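Each chain, written out:
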Amino acid sequence: MKYETIIIGGGLSGLLSGIALARAGRKVAIISAGQSALHFSSGSFELIDSEDNPLAAIAQMPSTHPYQTIGLDAVKRYAEAVPALFAEAGVEVSGSVEKNHYRITPIGMAKSAWLTLGDYATLDNATTLPWRKVAIVNFDGYLDFYPKFLDNFFAKRGVDTVHHTLTLAEFEHLRESATEMRATNIARIMTGDLLSKIATELRGRIGDAEVVFMPAVFGMFDAEAVSALRSQVRVPLYFIPTMPASVPGVRTQIQLKNYFQKLGGVYLLGDNVCGGEIRDNKLISVRTANHGDMEFHADNFILASGSFFSHGLIASQEHIYEPIFGLDIVADQARSEWYNQDLYAHQPYMGYGVVTDERLRCRLAGKTVENLYAAGSVLANQNPIAEGTGGGVAITTALFVADQIINA
Ligand SMILES: Cc1cc2nc3c(=O)[nH]c(=O)nc-3n(C[C@H](O)[C@H](O)[C@H](O)COP(=O)(O)OP(=O)(O)OC[C@H]3O[C@@H](n4cnc5c(N)ncnc54)[C@H](O)[C@@H]3O)c2cc1C
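A brief report on the enclosed structure follows. (Residues numbered from 1 in each chain as written. Predicted model: local features only at pLDDT ≥ 70, side-chain atom pairs only at ≥ 80, totals over all residues. Heavy atoms only, no water.)

1. Things to note about the overall build of the protein chain
Note the following rule: Secondary structure elements are defined from DSSP: runs of H or I of at least 4 residues count as helices, runs of E of at least 2 residues count as strands, and each element is numbered from the N terminus. Between the two quantities, the radius of gyration covers C-alpha atoms and the globule rule is 2.2 Å times the number of residues to the power 0.38. Summary of the burial criterion: residues with accessible area below 20% of their type's maximum are buried, those above 50% are exposed, and those between are partly exposed, where the area comes from a 1.4 Å probe applied to protein chains only. The contact criterion used is simple: two residues touch if any of their non-hydrogen atoms lie within 4.5 Å.
Across its full length, the protein chain carries 12 helices and 21 strands. Over its C-alpha atoms the protein chain spans a radius of gyration of 22 Å, differing by no more than 12% from the 22 Å that the globule rule assigns to 408 residues. Expressed as lengths along the three principal axes of its C-alpha atoms, the size of the protein chain is roughly 70 × 40 × 40 Å. By the burial criterion, 51% of the 408 residues in the protein chain qualify as buried. Within the protein chain, residue pairs in contact and separated by at least 24 positions form 67% of the contacts whose partners lie at least 6 positions apart.

Shown next, in the form of C-alpha coordinates:
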(Lines give C-alpha, C1' and ligand atoms only; values in the text may rest on other atoms or scores of the structure.)
Protein backbone atom coordinates (compact mmCIF):
# COMPACT_ATOMS: atom_id res chain seq x y z
CA MET A 1 0.00 0.00 0.00
CA LYS A 2 1.39 3.43 -0.89
CA TYR A 3 0.58 6.84 0.57
CA GLU A 4 2.28 10.21 0.37
CA THR A 5 2.49 10.35 4.15
CA ILE A 6 1.90 7.73 6.81
CA ILE A 7 1.34 8.90 10.38
CA ILE A 8 2.01 6.51 13.23
CA GLY A 9 -0.40 7.33 16.06
CA GLY A 10 -3.86 8.90 15.89
CA GLY A 11 -3.98 11.08 18.99
CA LEU A 12 -4.04 14.88 18.99
CA SER A 13 -0.71 15.21 17.15
CA GLY A 14 -1.31 12.52 14.57
CA LEU A 15 -4.79 13.80 13.81
CA LEU A 16 -3.79 17.45 13.49
CA SER A 17 -0.83 16.74 11.22
CA GLY A 18 -3.10 14.42 9.22
CA ILE A 19 -5.77 17.13 8.91
CA ALA A 20 -3.20 19.75 7.82
CA LEU A 21 -1.78 17.40 5.17
CA ALA A 22 -5.17 16.22 3.92
CA ARG A 23 -6.34 19.85 3.70
CA ALA A 24 -3.34 20.48 1.45
CA GLY A 25 -4.54 17.67 -0.80
CA ARG A 26 -2.04 15.05 0.33
CA LYS A 27 -2.83 11.35 0.39
CA VAL A 28 -2.43 10.47 4.05
CA ALA A 29 -3.01 7.43 6.25
CA ILE A 30 -2.98 7.33 10.03
CA ILE A 31 -2.27 3.99 11.66
CA SER A 32 -3.25 4.04 15.31
CA ALA A 33 -3.08 1.37 17.97
CA GLY A 34 -5.90 2.62 20.18
CA GLN A 35 -6.91 5.18 22.77
CA SER A 36 -4.98 8.42 23.06
CA ALA A 37 -4.39 10.97 25.80
CA LEU A 38 -7.49 12.80 24.51
CA HIS A 39 -9.61 10.05 26.06
CA PHE A 40 -8.31 11.27 29.43
CA SER A 41 -8.30 14.97 28.59
CA SER A 42 -9.29 17.68 31.05
CA GLY A 43 -11.13 19.37 28.19
CA SER A 44 -8.55 22.16 28.14
CA PHE A 45 -5.36 22.48 26.14
CA GLU A 46 -2.32 24.00 27.75
CA LEU A 47 0.24 26.12 25.89
CA ILE A 48 2.32 26.98 28.94
CA ASP A 49 1.41 27.52 32.57
CA SER A 50 2.10 31.23 32.99
CA GLU A 51 0.42 34.17 34.67
CA ASP A 52 1.89 36.53 32.09
CA ASN A 53 1.93 36.51 28.31
CA PRO A 54 2.36 32.81 27.40
CA LEU A 55 4.52 33.64 24.38
CA ALA A 56 6.90 35.67 26.55
CA ALA A 57 7.20 32.66 28.88
CA ILE A 58 7.83 30.34 25.92
CA ALA A 59 10.64 32.65 24.74
CA GLN A 60 12.42 31.92 28.05
CA MET A 61 12.34 28.14 27.69
CA PRO A 62 15.57 26.14 27.26
CA SER A 63 16.95 25.98 23.72
CA THR A 64 16.35 22.20 23.55
CA HIS A 65 12.59 22.49 24.16
CA PRO A 66 10.37 21.56 21.16
CA TYR A 67 8.89 25.08 21.19
CA GLN A 68 12.39 26.53 20.72
CA THR A 69 13.16 24.00 18.00
CA ILE A 70 10.22 25.13 15.88
CA GLY A 71 10.68 28.78 16.94
CA LEU A 72 8.51 31.34 18.69
CA ASP A 73 7.00 32.69 15.45
CA ALA A 74 5.87 29.22 14.44
CA VAL A 75 4.41 28.53 17.89
CA LYS A 76 2.43 31.79 17.68
CA ARG A 77 1.29 31.23 14.09
CA TYR A 78 0.14 27.64 14.65
CA ALA A 79 -1.41 28.34 18.03
CA GLU A 80 -3.43 31.24 16.61
CA ALA A 81 -4.71 29.05 13.78
CA VAL A 82 -6.03 26.31 16.08
CA PRO A 83 -9.50 27.62 17.09
CA ALA A 84 -10.53 28.01 13.43
CA LEU A 85 -9.06 24.62 12.54
CA PHE A 86 -10.92 22.99 15.42
CA ALA A 87 -14.12 24.78 14.38
CA GLU A 88 -13.85 23.21 10.91
CA ALA A 89 -13.98 19.85 12.67
CA GLY A 90 -16.92 20.96 14.84
CA VAL A 91 -14.80 21.35 17.98
CA GLU A 92 -15.71 24.58 19.75
CA VAL A 93 -13.00 26.12 21.94
CA SER A 94 -12.44 29.46 23.63
CA GLY A 95 -9.16 31.05 24.67
CA SER A 96 -6.29 33.11 23.39
CA VAL A 97 -2.54 32.86 22.81
CA GLU A 98 -2.15 36.30 24.42
CA LYS A 99 -3.44 35.34 27.87
CA ASN A 100 -4.35 32.16 29.70
CA HIS A 101 -7.72 31.76 31.34
CA TYR A 102 -8.65 29.45 34.22
CA ARG A 103 -10.76 26.31 34.30
CA ILE A 104 -12.33 24.47 37.24
CA THR A 105 -10.82 21.04 37.86
CA PRO A 106 -12.77 17.99 39.15
CA ILE A 107 -11.17 18.47 42.57
CA GLY A 108 -12.13 22.11 42.80
CA MET A 109 -8.96 23.92 41.79
CA ALA A 110 -8.53 26.77 39.32
CA LYS A 111 -5.97 25.74 36.72
CA SER A 112 -4.65 27.87 33.89
CA ALA A 113 -5.40 26.89 30.30
CA TRP A 114 -4.92 28.14 26.75
CA LEU A 115 -7.99 26.70 25.00
CA THR A 116 -11.04 25.15 26.65
CA LEU A 117 -13.84 23.16 25.05
CA GLY A 118 -17.22 24.90 24.88
CA ASP A 119 -18.64 22.53 27.52
CA TYR A 120 -16.75 24.19 30.34
CA ALA A 121 -16.80 27.53 32.13
CA THR A 122 -13.70 29.66 31.67
CA LEU A 123 -12.66 32.22 34.27
CA ASP A 124 -10.71 35.44 33.79
CA ASN A 125 -8.92 34.99 37.08
CA ALA A 126 -8.49 32.33 39.74
CA THR A 127 -9.93 34.23 42.68
CA THR A 128 -13.10 36.12 41.77
CA LEU A 129 -16.15 34.65 40.08
CA PRO A 130 -18.99 36.39 38.24
CA TRP A 131 -21.74 34.56 40.23
CA ARG A 132 -23.21 34.84 43.72
CA LYS A 133 -25.12 31.54 43.76
CA VAL A 134 -24.58 28.40 41.73
CA ALA A 135 -26.42 25.07 41.54
CA ILE A 136 -24.43 21.84 41.45
CA VAL A 137 -26.41 18.94 40.06
CA ASN A 138 -25.39 15.28 40.05
CA PHE A 139 -27.10 11.99 39.23
CA ASP A 140 -28.05 9.50 41.91
CA GLY A 141 -25.35 6.81 42.14
CA TYR A 142 -22.79 8.59 39.97
CA LEU A 143 -19.50 8.53 41.91
CA ASP A 144 -17.00 10.02 39.44
CA PHE A 145 -18.03 13.60 40.20
CA TYR A 146 -17.22 15.34 43.49
CA PRO A 147 -19.67 18.10 44.51
CA LYS A 148 -17.95 18.51 47.90
CA PHE A 149 -14.70 19.67 46.28
CA LEU A 150 -16.68 22.10 44.16
CA ASP A 151 -18.43 23.37 47.28
CA ASN A 152 -15.02 24.27 48.71
CA PHE A 153 -13.99 25.91 45.46
CA PHE A 154 -17.05 28.17 45.42
CA ALA A 155 -17.11 28.81 49.18
CA LYS A 156 -13.49 30.05 49.08
CA ARG A 157 -14.56 32.58 46.48
CA GLY A 158 -17.64 33.75 48.39
CA VAL A 159 -20.18 32.00 46.17
CA ASP A 160 -23.16 30.10 47.65
CA THR A 161 -23.97 26.64 46.35
CA VAL A 162 -27.15 24.60 46.28
CA HIS A 163 -27.08 20.88 45.52
CA HIS A 164 -29.51 18.68 43.66
CA THR A 165 -29.41 15.00 42.86
CA LEU A 166 -31.47 13.73 39.96
CA THR A 167 -32.84 10.20 40.20
CA LEU A 168 -33.73 8.94 36.75
CA ALA A 169 -35.37 5.62 35.88
CA GLU A 170 -33.29 5.53 32.68
CA PHE A 171 -30.18 5.05 34.84
CA GLU A 172 -31.50 1.93 36.60
CA HIS A 173 -29.62 -0.57 34.46
CA LEU A 174 -26.40 1.44 34.85
CA ARG A 175 -26.84 1.67 38.62
CA GLU A 176 -26.91 -2.12 38.96
CA SER A 177 -23.13 -2.21 38.72
CA ALA A 178 -20.68 0.48 39.83
CA THR A 179 -18.50 -0.25 36.79
CA GLU A 180 -21.37 0.53 34.40
CA MET A 181 -22.08 3.93 35.97
CA ARG A 182 -19.30 5.61 34.01
CA ALA A 183 -19.26 8.88 32.08
CA THR A 184 -19.08 7.30 28.64
CA ASN A 185 -21.91 4.83 29.39
CA ILE A 186 -24.10 7.62 30.71
CA ALA A 187 -23.32 9.81 27.69
CA ARG A 188 -24.62 7.09 25.36
CA ILE A 189 -28.14 7.36 26.76
CA MET A 190 -28.23 11.16 26.99
CA THR A 191 -30.47 11.84 24.01
CA GLY A 192 -33.88 13.27 23.05
CA ASP A 193 -36.56 12.67 25.66
CA LEU A 194 -34.12 12.06 28.48
CA LEU A 195 -32.51 15.45 27.86
CA SER A 196 -35.93 17.11 27.95
CA LYS A 197 -36.73 15.30 31.18
CA ILE A 198 -33.47 16.49 32.76
CA ALA A 199 -34.14 20.03 31.54
CA THR A 200 -37.60 19.96 33.12
CA GLU A 201 -36.10 18.76 36.43
CA LEU A 202 -33.46 21.51 36.31
CA ARG A 203 -35.98 24.24 35.55
CA GLY A 204 -38.08 23.10 38.51
CA ARG A 205 -35.21 22.97 40.98
CA ILE A 206 -32.60 25.62 40.37
CA GLY A 207 -34.52 28.52 41.94
CA ASP A 208 -32.45 31.68 42.01
CA ALA A 209 -29.11 30.05 41.10
CA GLU A 210 -27.45 32.05 38.35
CA VAL A 211 -25.67 29.12 36.77
CA VAL A 212 -25.79 25.32 36.85
CA PHE A 213 -22.83 22.92 36.98
CA MET A 214 -23.20 19.26 36.07
CA PRO A 215 -20.80 16.38 35.39
CA ALA A 216 -19.49 16.30 31.80
CA VAL A 217 -21.44 13.25 30.68
CA PHE A 218 -23.16 14.72 27.63
CA GLY A 219 -22.32 14.48 23.93
CA MET A 220 -20.18 11.46 23.16
CA PHE A 221 -20.11 11.71 19.36
CA ASP A 222 -20.93 15.37 18.80
CA ALA A 223 -21.99 18.37 20.88
CA GLU A 224 -25.70 18.11 20.05
CA ALA A 225 -26.76 16.83 23.49
CA VAL A 226 -24.88 19.73 25.11
CA SER A 227 -26.63 22.36 22.96
CA ALA A 228 -30.01 20.62 23.27
CA LEU A 229 -29.87 20.62 27.07
CA ARG A 230 -28.54 24.18 27.27
CA SER A 231 -31.29 25.48 25.02
CA GLN A 232 -33.92 24.12 27.44
CA VAL A 233 -32.48 25.57 30.67
CA ARG A 234 -33.01 29.24 31.40
CA VAL A 235 -29.62 29.92 33.03
CA PRO A 236 -26.11 29.17 31.75
CA LEU A 237 -25.21 25.50 32.08
CA TYR A 238 -21.60 24.37 32.37
CA PHE A 239 -19.97 21.03 32.88
CA ILE A 240 -17.19 19.88 35.18
CA PRO A 241 -14.72 17.21 34.07
CA THR A 242 -15.37 13.80 35.58
CA MET A 243 -12.92 11.03 36.33
CA PRO A 244 -11.81 9.37 33.05
CA ALA A 245 -12.83 8.53 30.48
CA SER A 246 -13.48 12.11 29.46
CA VAL A 247 -16.64 12.40 27.37
CA PRO A 248 -15.68 15.77 25.80
CA GLY A 249 -12.15 14.37 25.18
CA VAL A 250 -13.48 11.25 23.45
CA ARG A 251 -15.81 13.47 21.44
CA THR A 252 -12.91 15.70 20.36
CA GLN A 253 -10.98 12.62 19.21
CA ILE A 254 -14.02 11.42 17.22
CA GLN A 255 -14.70 14.83 15.68
CA LEU A 256 -11.07 15.29 14.59
CA LYS A 257 -10.99 11.76 13.18
CA ASN A 258 -14.28 12.31 11.29
CA TYR A 259 -12.96 15.56 9.84
CA PHE A 260 -9.70 13.90 8.78
CA GLN A 261 -11.68 11.17 7.02
CA LYS A 262 -13.99 13.73 5.42
CA LEU A 263 -10.90 15.39 3.94
CA GLY A 264 -10.00 12.05 2.35
CA GLY A 265 -7.61 10.72 5.01
CA VAL A 266 -7.47 7.01 5.79
CA TYR A 267 -7.62 6.11 9.51
CA LEU A 268 -6.63 2.55 10.39
CA LEU A 269 -7.61 2.01 14.02
CA GLY A 270 -6.57 -0.93 16.17
CA ASP A 271 -3.36 -1.72 14.34
CA ASN A 272 0.16 -1.45 15.69
CA VAL A 273 3.15 -0.36 13.65
CA CYS A 274 5.80 -2.81 14.74
CA GLY A 275 8.78 -2.04 12.50
CA GLY A 276 10.02 -0.62 9.26
CA GLU A 277 12.74 -0.72 6.66
CA ILE A 278 15.28 2.09 6.79
CA ARG A 279 17.70 2.28 3.85
CA ASP A 280 20.25 5.02 3.12
CA ASN A 281 18.84 7.16 5.95
CA LYS A 282 15.31 6.99 4.56
CA LEU A 283 12.33 5.10 5.92
CA ILE A 284 10.99 3.06 3.00
CA SER A 285 8.04 1.26 4.55
CA VAL A 286 6.46 0.16 7.82
CA ARG A 287 4.93 -3.15 8.92
CA THR A 288 1.96 -3.56 11.19
CA ALA A 289 0.77 -6.30 13.53
CA ASN A 290 -2.51 -6.85 11.66
CA HIS A 291 -1.13 -6.79 8.13
CA GLY A 292 1.74 -9.24 8.61
CA ASP A 293 4.07 -9.20 5.60
CA MET A 294 2.18 -6.50 3.76
CA GLU A 295 4.22 -3.29 3.85
CA PHE A 296 2.94 0.29 3.96
CA HIS A 297 5.07 2.55 1.75
CA ALA A 298 5.17 6.34 1.82
CA ASP A 299 7.33 9.29 0.81
CA ASN A 300 7.20 10.69 4.34
CA PHE A 301 6.32 9.38 7.77
CA ILE A 302 5.35 11.10 11.01
CA LEU A 303 5.94 9.45 14.37
CA ALA A 304 3.12 10.65 16.66
CA SER A 305 3.05 7.63 18.94
CA GLY A 306 2.96 9.53 22.23
CA SER A 307 5.02 9.04 25.34
CA PHE A 308 5.09 6.18 27.90
CA PHE A 309 1.33 6.42 28.44
CA SER A 310 0.62 5.39 24.82
CA HIS A 311 3.67 3.12 24.44
CA GLY A 312 5.46 5.54 22.14
CA LEU A 313 8.31 5.01 24.62
CA ILE A 314 8.89 1.87 26.65
CA ALA A 315 10.68 1.44 29.96
CA SER A 316 11.90 -2.09 30.65
CA GLN A 317 13.73 -3.07 33.84
CA GLU A 318 17.03 -2.16 32.19
CA HIS A 319 16.48 0.60 29.69
CA ILE A 320 14.19 3.04 27.97
CA TYR A 321 13.66 2.79 24.23
CA GLU A 322 11.55 3.83 21.27
CA PRO A 323 9.96 0.50 20.33
CA ILE A 324 9.24 0.73 16.58
CA PHE A 325 12.58 1.71 15.05
CA GLY A 326 14.92 1.92 18.06
CA LEU A 327 15.41 5.64 17.36
CA ASP A 328 17.90 7.82 19.25
CA ILE A 329 16.35 9.13 22.43
CA VAL A 330 17.14 11.37 25.36
CA ALA A 331 17.04 9.21 28.53
CA ASP A 332 19.28 8.61 31.50
CA GLN A 333 21.03 5.24 31.46
CA ALA A 334 20.70 4.33 35.13
CA ARG A 335 17.23 3.42 36.31
CA SER A 336 17.83 5.32 39.56
CA GLU A 337 18.11 8.53 37.50
CA TRP A 338 14.76 8.10 35.78
CA TYR A 339 12.61 9.37 38.61
CA ASN A 340 12.71 11.49 41.70
CA GLN A 341 11.59 9.87 44.96
CA ASP A 342 9.70 13.05 45.77
CA LEU A 343 6.51 12.65 43.77
CA TYR A 344 6.02 16.40 43.50
CA ALA A 345 9.55 17.19 42.34
CA HIS A 346 10.70 17.41 38.72
CA GLN A 347 10.53 13.90 37.24
CA PRO A 348 13.38 13.31 34.76
CA TYR A 349 11.47 10.64 32.80
CA MET A 350 8.94 13.25 31.73
CA GLY A 351 11.65 14.83 29.56
CA TYR A 352 12.60 11.61 27.78
CA GLY A 353 11.72 11.18 24.13
CA VAL A 354 13.09 11.00 20.62
CA VAL A 355 15.92 13.23 19.43
CA THR A 356 15.34 15.28 16.28
CA ASP A 357 17.05 17.84 14.07
CA GLU A 358 15.74 21.39 13.69
CA ARG A 359 13.04 20.18 11.25
CA LEU A 360 11.86 17.58 13.81
CA ARG A 361 13.28 14.69 11.78
CA CYS A 362 14.23 11.68 13.89
CA ARG A 363 17.71 10.27 14.32
CA LEU A 364 18.91 6.70 14.23
CA ALA A 365 22.44 5.82 15.36
CA GLY A 366 23.40 9.47 15.16
CA LYS A 367 22.12 10.01 11.61
CA THR A 368 19.01 11.89 10.54
CA VAL A 369 16.28 9.76 8.98
CA GLU A 370 15.45 12.22 6.22
CA ASN A 371 11.75 11.46 5.79
CA LEU A 372 10.74 10.48 9.34
CA TYR A 373 9.38 13.39 11.42
CA ALA A 374 8.25 13.33 15.05
CA ALA A 375 5.46 15.34 16.69
CA GLY A 376 3.76 15.58 20.05
CA SER A 377 4.53 13.91 23.32
CA VAL A 378 7.05 11.45 21.84
CA LEU A 379 9.46 14.39 21.49
CA ALA A 380 12.25 14.79 24.05
CA ASN A 381 13.02 17.77 26.29
CA GLN A 382 9.52 18.75 27.34
CA ASN A 383 7.72 18.27 30.63
CA PRO A 384 3.97 18.63 30.03
CA ILE A 385 3.08 18.42 33.72
CA ALA A 386 5.68 20.79 35.19
CA GLU A 387 5.48 23.27 32.29
CA GLY A 388 1.80 22.93 31.39
CA THR A 389 2.72 22.52 27.73
CA GLY A 390 1.12 19.16 26.74
CA GLY A 391 -1.58 20.23 24.30
CA GLY A 392 0.44 23.14 22.95
CA VAL A 393 3.46 21.01 22.04
CA ALA A 394 1.23 18.30 20.55
CA ILE A 395 -0.63 20.80 18.36
CA THR A 396 2.13 23.18 17.27
CA THR A 397 4.70 20.48 16.47
CA ALA A 398 2.05 18.54 14.51
CA LEU A 399 1.28 21.56 12.34
CA PHE A 400 5.01 22.30 12.01
CA VAL A 401 5.88 18.83 10.66
CA ALA A 402 2.92 18.91 8.29
CA ASP A 403 4.31 22.17 6.88
CA GLN A 404 7.79 20.65 6.61
CA ILE A 405 6.31 17.98 4.36
CA ILE A 406 4.01 20.29 2.41
CA ASN A 407 6.77 22.84 1.74
CA ALA A 408 9.60 20.35 1.06
C1 LIG B 1 -3.54 10.86 30.67
C2 LIG B 1 -3.12 12.15 30.04
C3 LIG B 1 -3.98 13.25 30.09
C4 LIG B 1 -3.58 14.46 29.49
N5 LIG B 1 -4.42 15.53 29.56
C6 LIG B 1 -4.06 16.70 28.99
C7 LIG B 1 -4.94 17.83 29.03
O8 LIG B 1 -6.03 17.76 29.57
N9 LIG B 1 -4.52 18.99 28.44
C10 LIG B 1 -3.31 19.07 27.81
O11 LIG B 1 -2.98 20.14 27.29
N12 LIG B 1 -2.47 18.03 27.78
C13 LIG B 1 -2.80 16.85 28.33
N14 LIG B 1 -1.95 15.78 28.29
C15 LIG B 1 -0.69 15.91 27.59
C16 LIG B 1 -0.84 15.15 26.24
O17 LIG B 1 0.31 14.41 26.12
C18 LIG B 1 -1.08 16.03 25.04
O19 LIG B 1 -2.06 16.98 25.29
C20 LIG B 1 -1.52 15.30 23.76
O21 LIG B 1 -2.88 14.87 23.79
C22 LIG B 1 -0.60 14.17 23.37
O23 LIG B 1 -0.92 13.84 22.05
P24 LIG B 1 -0.02 12.86 21.19
O25 LIG B 1 -0.74 12.71 19.89
O26 LIG B 1 1.39 13.33 21.17
O27 LIG B 1 0.03 11.47 21.97
P28 LIG B 1 -1.12 10.48 22.43
O29 LIG B 1 -2.36 11.17 22.71
O30 LIG B 1 -0.51 9.67 23.49
O31 LIG B 1 -1.39 9.56 21.14
C32 LIG B 1 -0.48 8.62 20.68
C33 LIG B 1 -1.23 7.61 19.83
O34 LIG B 1 -0.28 6.75 19.20
C35 LIG B 1 -0.75 5.43 19.23
N36 LIG B 1 0.40 4.53 19.10
C37 LIG B 1 1.45 4.36 19.96
N38 LIG B 1 2.30 3.44 19.47
C39 LIG B 1 1.80 3.04 18.28
C40 LIG B 1 2.22 2.09 17.29
N41 LIG B 1 3.34 1.38 17.44
N42 LIG B 1 1.46 1.90 16.18
C43 LIG B 1 0.30 2.62 16.03
N44 LIG B 1 -0.14 3.52 16.93
C45 LIG B 1 0.60 3.73 18.03
C46 LIG B 1 -1.46 5.32 20.57
O47 LIG B 1 -2.38 4.26 20.59
C48 LIG B 1 -2.15 6.70 20.64
O49 LIG B 1 -3.41 6.65 20.02
C50 LIG B 1 -2.32 14.56 28.86
C51 LIG B 1 -1.47 13.44 28.82
C52 LIG B 1 -1.87 12.26 29.41
C53 LIG B 1 -0.92 11.08 29.33
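Here the narrative resumes, following the displayed structure.
2. Quick notes on the nonpolar core
We count it as follows: Among buried residues, the Ala, Val, Leu, Ile, Met, Phe, Trp, Tyr and Cys ones that are joined through side-chain atoms within 4.5 Å form a nonpolar core. Each domain's limits were defined by an automated method or a database of domain assignments.
Residues F139, F154, I198, M214 and F218 are the most contacted members of the largest nonpolar core, which totals 126 residues. Per element, the largest residue contribution to this core is nine residues, and it comes from helix α12 (residues 390-406). Residues lining this core come from more than one domain, with at least three contributed by each of domain 1 (2-93 + 251-406) and domain 2 (121-240).

3. A few points about helix α8 (residues 192-205)
What sets the pattern is the α-helix's 3.6 residues per turn: residues three or four places apart point alike. To keep it simple, the criterion reads: Helix span, as expected, comes to 1.5 Å for every residue beyond the first. Starting at the helix axis, one direction is taken to each C-beta atom, and the arc is that of these directions.
Helix length check: α8 (14 residues) gives 20 Å between terminal C-alpha atoms against 20 Å at 1.5 Å per residue, within 8%. By the burial criterion, the buried members of α8 are L194, L195, I198, A199 and L202. The buried residues of α8 occupy an angular sector of 140° when projected down its axis, which confines them to one face. Those residues of α8 that are exposed and aimed more than 90 degrees away from the buried face are D193 and G204. Contacts from the buried residues of α8 go to β8 (133-139), β9 (160-166), α7 (183-189), β10 (211-215) and α9 (224-231). The positive-phi residue at the C-terminal boundary of α8 is G207, with phi of around 55°.

4. What to know about the state of the cysteines
Quick reminder of the rule: In this description, the term disulfide denotes a pair of cysteine sulfurs within 2.5 Å.
Across all of its chains, the model carries zero disulfides by this definition. C274 takes part in no disulfide bond, and the closest cysteine sulfur, belonging to C362, lies 17 Å away. Owing to a relative accessible area of 42%, C274 belongs among the partly exposed residues under this scheme. The buried category is assigned to C362, whose relative accessible area is 0%.

5. Brief notes about the pattern of salt bridges
Pairs can form between side chains of opposite charge once their charged atoms are near each other. Put simply, the test is: Should a side-chain nitrogen of Lys or Arg be within 4 Å of a carboxyl oxygen of Asp or Glu, the pair is scored as a salt bridge.
All told, the structure shown has 13 salt bridges when counted by the stated rule. For R132, the salt bridge is made with E210, and the minimal N-O distance between the two is 3.7 Å. Of this pair, R132 sits in the loop between β7 (115-117) and β8 while E210 is found in the loop between α8 and β10, placing the two residues 78 residues apart along the sequence. Overall, R132 belongs to the exposed group, its relative accessible area being 64%. Classification of E210 as partly exposed rests on a relative accessible area of 25%.

6. Here we look at the sheet that holds β8
Applicable threshold: Each pair of strands is called paired provided DSSP finds at least two bridges between the two strands. Between N-to-C directions, angles span 0 to 180 degrees; the directions come from axes that are lines fitted to C-alpha atoms, helices contributing only their stretch in contact.
Strand order across the open sheet formed by four strands is β9-β8-β10-β11, with parallel pairing between neighbours. Edge positions in the open sheet fall to β9 and β11 (237-240), since each of these has one partner strand only. The average undirected angle you get between the axes of adjacent strands in this sheet is 25°. The pairing of β8 with β9 spans seven bridges and is parallel. Across the sheet, V137 pairs through a bridge with H164, a residue of β9. The strands touched by α9 within the sheet are β10 and β11, with β11 carrying the most contacts at an inclination of about 135°.

7. Examining the site of the ligand
Cut-off, in case you're wondering: Think of it this way: one heavy atom of a residue within 4 Å of a molecule or strand is enough to make that residue near it. Between N or O atoms, a polar contact is any pair within 3.5 Å; within protein, one atom must be a potential hydrogen donor and the other a potential acceptor, and residues adjacent in sequence are included only when both atoms are from side chains. Per-residue and other accessible areas were derived by the Shrake-Rupley procedure at a 1.4 Å probe size, with only the shown protein chains allowed to occlude residues.
Close to the ligand lie 33 residues; S42, S44, S310, S377 and G391 are nearest. A33 places a main-chain nitrogen or oxygen 2.9 Å from a nitrogen atom of the ligand. Within the backbone of E46, one N or O atom sits 3.0 Å away from an oxygen atom of the ligand. For the ligand, the accessible surface in isolation is 1,000 Å², of which the surrounding protein chains cover 87%. Of all the elements in the fold, those that place two or more residues in the shell around the ligand are α1 (12-23), β2 (28-32), β3 (44-45) and α12. When residues in the shell around the ligand are grouped by element, the largest group, three residues, is from α12.

8. Some words on α9
Every buried residue belonging to α9 is among A225, V226 and L229, and all of these are buried. In a view along the axis of α9, the buried residues occupy a sector of 100°, so they form one face of it. Of the exposed residues in α9, the ones pointing more than 90 degrees away from its buried face are E224 and S231. Contacts made by the buried residues of α9 are with α8, β10, β11 and α10 (247-262).

9. Points about unusual backbone geometry
Looking along the chain, the bond that leaves P244 and enters A245 is cis, with omega of 0°. The backbone phi angle of L360 is positive, close to 65°, even though this residue is not glycine. With respect to the helices, strands and loops of the structure, L360 is situated in the loop between β19 (353-354) and β20 (361-364).

10. With respect to the environment of M1
The topology assignment puts M1 in the segment before β1 (2-8). Using a relative accessible area of 43% as the deciding quantity, one classes M1 as partly exposed. The sequence separation of M1 and G11 amounts to 10 residues, and the corresponding C-alpha distance is 22 Å. When near neighbours in sequence (up to four residues on either side) are disregarded, M1 contacts M294, E295, F296 and H297.

11. So, the packing of aromatic side chains
Our working rule: Here a Phe, Tyr or Trp ring, Trp counted by its six-membered ring, pairs with any other such ring whose centre lies within 6.5 Å, and the pair is stacked when the planes are under 30 degrees apart, edge-to-face when over 60, and tilted otherwise.
Evaluated as defined, the whole model comprises 12 aromatic pairs. Summarising the aromatic geometry, the rings of F45 and F86 are spaced 5.4 Å apart at their centres and angled 50° between planes, so their arrangement reads as tilted. Pair noted here: F45 is in strand β3 and F86 is in helix α4 (residues 72-88), with a separation of 41 residues, a long-range link. Judged by relative accessible area, F86 falls into the buried class, the value being 0%. Taking the centre distance of 6.4 Å and the plane angle of 50° together, the rings of W131 and Y238 count as tilted. A residue pair is termed long-range when its members are at least 10 positions apart, and W131 in the loop between β7 and β8 and Y238 in strand β11 qualify at 107 residues. On the accessibility criterion, W131 (13% relative accessible area) is buried.

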